[in-house]
Amino acid sequence: MCAKYHFLHPGHCKYFPHVYYCKYQQACVIPCTAFSRLHKRLLAALLSFAQIDLGTETVSPLLYCDCSLYEFREFVMFRGQGRNLTFDFQYFHVSHLSDTNFQTWKCSPHRILGRSPGSIFHLNATDFLCENNSLGEFWPRQCKIYTQPNLDNVYVDCFGADLHEIPQGLIHLNSTSAADFVVSLESNSIASLVDCSDGVKYGWLHQVTKLVLSDNRIAVSSMELERFLSCLISVKELYLDGNHISSFPPSLTRMNLSELAIDNNPLTCCGSIWMKSWLQNQKDVVRNAKSISCNNKGERN
């Protein structure tokens, strides 16, 4: 169950017996499926008789910021636009529908976006994701592919998918422009990296603009890491924190990154001398730069 509707008159509930598990009651419970695209007009009609309460400021949002909710929001905003909304729905004449009917409606953006919950009418279109697995091929079934409304951005979420290697896969981007292509492989058991020379299996590495490999078990040599980094010709954000990497190659400095995370790796001082001055000049790019340290023979420097 997703929410309770408080009807202005108890008798109104009888008009919706297939949606509500109640009859002739003042508070009725609506199943989650009623928030789908197919029920937009039904929900709009209900709002003439009831006010939806989805919780208070202290309660976590019950809704995800997905495309069904986005379409319903657009439906309300487009038809209302700050004015009264009037249209016919079966026996009813629906009016007075605006965003004031949804004051307690909040949704949680997908974790991959890294954004906080908010009112559905105050969030941006970029806070909503639509599952669209048809854009990819050969990805592990645990991974989900998302797009954003009216944008070419693509997100592949393999968070905590029990992966033991970099996944193979194809992605069909709708645009050759500077669209975001984000792949999250965070919190898996990946220990090694791959050779991207096979453009069929790992061609997505050339396309990805943000790659999250945080909290895995990656333990590779500096040379192996250098070969892998050479694959990432489009990447702007790279997260390698929380792994078992002992040294990074100097070629890291030649990557045009807007954000880099390499903290929480057991760096050796011998292999990381070159990084000291570089980190001092990259504090705006390298996350937690001040906390990055090296360790030789159990001593931190």
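We now turn to the structure provided with this report. (Residues numbered from 1 in each chain as written. Predicted model: local features only at pLDDT ≥ 70, side-chain atom pairs only at ≥ 80, totals over all residues. Heavy atoms only, no water.)

### Description of helix α5 (residues 222–229)
Our working definition: For every residue, the accessible area obtained with a 1.4 Å probe (protein chains only) is divided by the maximum for its type, and the residue is called buried under 20%, exposed over 50%, and partly exposed between those limits. In this description a helix means any DSSP run of H or I spanning at least four residues, a strand means any run of E spanning at least two, and both kinds are numbered starting from the N terminus. Taken from the helix axis, the directions to the C-beta atoms give the arc we talk about. Should any heavy atoms of two residues lie within 4.5 Å, those residues are counted as being in contact.
When we look at burial in α5, the residues that qualify are Leu-225, Phe-228 and Leu-229. Looking straight down α5, one finds that the buried residues subtend no more than 95° of arc, so they occupy a single side. The inward-facing, buried residues of α5 abut α4 (204–207), β15 (210–212) and β16 (237–239).

### With respect to the side chain of Asp-157
Just so we agree on the cut-off: In the analysis that follows, any N or O atom pair within 3.5 Å is treated as a polar contact, provided that within protein one partner can donate a hydrogen and the other can accept it, and provided that, for residues neighboring in sequence, both atoms belong to side chains.
Checked against the element boundaries, Asp-157 lands in strand β12 (residues 154–157). Relative accessible area serves as the criterion here: at 9%, Asp-157 is assigned to the buried category. Within the local environment of Asp-157, its side chain forms a polar contact with the side chain of Arg-111, the two groups lying 2.7 Å apart. Setting aside residues up to four positions removed in sequence, Asp-157 forms contacts with His-110, Arg-111, Ile-112, Gln-142, Cys-143, Lys-144, Tyr-146 and Ser-184.

### A word on the state of the cysteines
Selection criterion: Working definition: a disulfide is two cysteine sulfur atoms within 2.5 Å of each other.
Applying the stated rule across the entire model yields 5 disulfides. Disulfide pairing is shown between Cys-269 and Cys-294; the S-S distance is 2.0 Å. Between Cys-269 and Cys-294 the disulfide shows an S-S torsion of about 90°. By sign, it is right-handed. On the criterion of sequence distance, the pair formed by Cys-269 in the loop between β17 (259–261) and α6 (275–280) and Cys-294 in the loop between α6 and β18 (295–296) is long-range, its members being 25 residues apart. In this model Cys-270 remains outside any disulfide bridge; the closest cysteine sulfur is found in Cys-269, 8.8 Å from its own. Look at Cys-270 and you get exposed, because its relative accessible area is 65%.

### Focus: the sheet that holds strand β14 (residues 181–184)
We count it as follows: Strand pairing is defined by DSSP finding a minimum of two bridges between the two strands.
Strands sit in the order β9-β11-β12-β14-β15-β16-β17 across an open sheet of 7 strands; the sheet is mixed. Each edge of the open sheet carries a strand with a single partner, namely β9 (130–131) and β17.

### Structural notes on the pattern of salt bridges
We apply this condition: Salt bridges are defined as contacts in which a side-chain nitrogen from Lys or Arg sits within 4 Å of a carboxyl oxygen from Asp or Glu.
Tallied over the entire structure, the rule returns 5 salt bridges. Salt-bridge contacts for Arg-115 lead to Asp-127; the nearest nitrogen and oxygen are separated by 2.9 Å. One end of the pair, Arg-115, is in the loop between β7 (106–108) and β8 (118–119); the other, Asp-127, is in the loop between β8 and β9, with 12 residues separating them in the sequence. Among the salt bridges present, the one from Asp-263 reaches Arg-287, with a minimum N-O distance of 3.9 Å.

### A closer look at the nonpolar core
Put simply, the rule reads: Put simply, a nonpolar core is a bunch of buried Ala, Val, Leu, Ile, Met, Phe, Trp, Tyr and Cys residues held in one set by side-chain atoms that sit within 4.5 Å of each other.
Core analysis: the largest hydrophobic core is formed by 51 residues, its most contacted members being Leu-185, Trp-204, Leu-211 and Leu-232. Of all the elements in the fold, those that place two or more residues in this core are β12, β14, α4, α5 and α6. Sequence-distant contacts of Trp-204, defined by excluding residues within four places in its chain, comprise Trp-139, Ile-166, Pro-167, Gln-168, Gly-169, Phe-181, Val-183, Leu-185 and Leu-211.

### Digging into the sheet that holds β7
Strand order in the open sheet formed by 3 strands is β4-β7-β8, with mixed pairing between adjacent strands. Looking along the sheet, the strands with just one partner apiece sit at the ends: β4 (63–64) and β8. In the sheet, β7 pairs with β8 via 2 bridges, with the strands oriented antiparallel. Residue pairing for β8: Lys-106 is matched across the bridge by Ser-119.

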